[in-house]
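Structure at a glance
Given next are the chains, with one letter for each unit.
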Amino acid sequence: LVRRAGMVLMPFTVSVGLAGLQAPALQATPLAAPAVSRQSFVSAAVRRAGPAVVTIDTERTVLVPGQQGMAPFPFMDPLLRQFFGLPPAGGATPPSQRTERGQGSGFLYDPSGLLITNAHVVEGSTRVVVGLPDGRRADGRVVGVDPVTDLAVVKLEAAGPWPVVGLGNSDALQVGDWVIAVGNPFGLDQTVTLGIVSSLNRNAAALGITDKRLELIQTDAAINPGNSGGPLLNADGEVVGINTLVRSGPGAGLGFAIPINRARQIAQQLVSKGSVSHAMIGVGMEPVRDGTGAIVAGAQVRSVMPSGPAALAGLRPGDRITAVDGVPVRSPSQLTQLVERNGVGHPMALHVDRQGQTLTLQVTPVELSSLMRRS
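Residues numbered from 1 in each chain as written. Predicted model: local features only at pLDDT ≥ 70, side-chain atom pairs only at ≥ 80, totals over all residues. Heavy atoms only, no water.

**Some remarks on the nonpolar core**
Let me state the cut-off plainly: We call a set of buried residues a nonpolar core when its members are Ala, Val, Leu, Ile, Met, Phe, Trp, Tyr or Cys and they connect through side-chain atoms within 4.5 Å of each other. Relative accessibility under 20% of the residue-type maximum defines a buried residue, over 50% an exposed one, and the middle range a partly exposed one, all with a 1.4 Å probe and only protein chains included. The contact criterion used throughout is that any non-hydrogen atoms of two residues lie within 4.5 Å.
The biggest cluster of nonpolar side chains holds 43 residues, and the ones touching the most others in it are L108, L115 and I242. Other than its neighbours up to four places away in sequence, L108 contacts A52, V54, G113, L114, L115, L132, L156, W162, P163, V164 and V165. In terms of nonpolar packing, the next biggest core, distinct from the first, is built from 21 residues, I281, L335, L338 and M348 among them.

Here is the structure:
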């Protein structure tokens, strides 16, 4: 503390004489202040990424159902009902339209004006307006949405170039790494929160989100409504995730983000094709448990969809899938991820344990939508 104050205490002596207690004055020698930067890694990371983090304002036109007539009006004379602007007796008002407004976050990743956000932020929008931290605003066109992974790409209609944020490598994340969430919760622009990676590969279905196919990054960095679609940064200011979900009720305060490596694949398909192809083999899976009930590596086949790729390959309920093309399978969620990465129409080898017998079955994934139509 004394060194921080630029002071150093010098030794002194005390002597007692006839005149009483005497002591030399306390001497102070100034020290040069150490050259310490006042900028934290958080502010440095936000300074790099901040100009490309945007606010997304949306408008949607929704249909409002008509309302039934109320007593005693059903018994009123028709002319009086018409005079008061009421529906015919026993009838209902016709449906009407209403404009709903919403807000979310996103980030620019291409200088031409391409940005990534959540599908639920822009899906069904009739108008999208994007606001930048420098005060510029531009209309946005939705290039494509993928509800299965809750991702969307929007293109700014105005000419660029636009500021961009660098994309990191979510596969390199480790539990305990620092992460920074940037977004616009509750309309408060450029809000920054800090936390760590609490866990990796959290399956969306295990969180009660059964209509998504996602392995999520879990973080304790605060994520609130309006943060959706904003970036989760690493210490270098690179995007490693897209903030998408905050847990409410039990476990409130936990946030989840879509890994950027997954989002990068989805964005490429949305830009090139306007839609995303999701590979499936047609099995229901559950964790593998040993004799004590503990979860062990692998994916247990619970059900097989008739006439699906897995059924045609000979997979049966009770089979334990241990590897795909030689890559060990740790869990059902990882198997889903491996099938997705393999893609539609590309054969893959499933290594299966069937009551102690080791089998290798060739299966060719098909598009999710086509498999759903069969069922």
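Anyway, onward from the coordinates.
**Regarding the packing of aromatic side chains**
Inclusion rule: The aromatic pairing rule takes the rings of Phe, Tyr and Trp, using the six-membered ring of Trp, and pairs them if the centres are within 6.5 Å, calling planes under 30 degrees apart stacked, those over 60 edge-to-face and the rest tilted. Counting from the N terminus, the helices are the DSSP runs of H or I reaching at least four residues and the strands are the DSSP runs of E reaching at least two.
Across all of its chains, the model carries 1 aromatic pair by this definition. Plain terms: the ring middles of F41 and W178 are 6.0 Å apart, the flat faces sit at 50° to each other, and that makes the pair tilted. You can see F41 sitting in helix α1 (residues 41-49) and its partner W178 sitting in strand β9 (residues 178-183), a full 137 residues away along the chain. Note on W178: relative accessible area 46%, which makes it partly exposed.

**With respect to the pattern of salt bridges**
In plain terms, the rule: Here, a salt bridge means any side-chain nitrogen of Lys or Arg that lies within 4 Å of a carboxyl oxygen of Asp or Glu.
A full pass over the atoms with the stated rule returns 9 salt bridges. Close ionic contact of D171 with R341 constitutes a salt bridge, the shortest N to O distance being 3.9 Å. Placement of D171 in the loop between β8 (151-156) and β9 and of R341 in helix α6 (residues 332-342) is noted, with a sequence separation of 170 residues between them. With relative accessibility at 53%, the residue D171 sits in the exposed group. Given the relative accessible area of 46%, R341 is considered partly exposed.

**Observations regarding α1**
Burial in α1 covers these residues: V42, A44, A45, V46 and A49. For α1, the elements touching its buried residues are β3 (53-64), β9, β10 (191-203) and β12 (231-233).

**Here we look at the environment of Q362**
When you line up the elements, Q362 lands in strand β21 (residues 357-363). The exposure class of Q362 is exposed, given its relative accessible area of 53%. Residues Q362 and P309, 53 residues apart in the sequence, show an inter-C-alpha distance of 9.3 Å.

**Side note on the pairing of strand β17 (residues 295-304)**
Applicable threshold: By this definition, two strands are paired if DSSP reports at least two bridges between them.
In this sheet, β17 lies alongside strand β16 (residues 283-289) in antiparallel orientation, the contact comprising 7 bridges. Residue pairing for β17: P287 is matched across the bridge by A299. In this antiparallel pair of consecutive strands, β16 and β17, the connection spans 5 residues, and G293 shows a positive phi of 90°. Here β17 runs beside strand β18 (residues 320-324); their pairing, made up of 2 bridges, is antiparallel. Residue pairing in the sheet places Q300 in a bridge with R320 of β18.

**As for the sheet that holds β9**
Heads up, the condition is: To define axes, lines are fitted to C-alpha atoms, for helices over the stretch in contact only, and angles between the resulting N-to-C directions are given on a 0 to 180 degree scale.
Here 6 strands make up a closed barrel; going around it, the order is β9-β10-β11-β14-β13-β12 and the pairing antiparallel. Geometrically, the sheet is characterised by an average inter-axis angle of 45° between neighbouring strands, direction not taken into account. Across the sheet, α1 touches β9, β10 and β12, and the angle it forms with β9 is around 45°.

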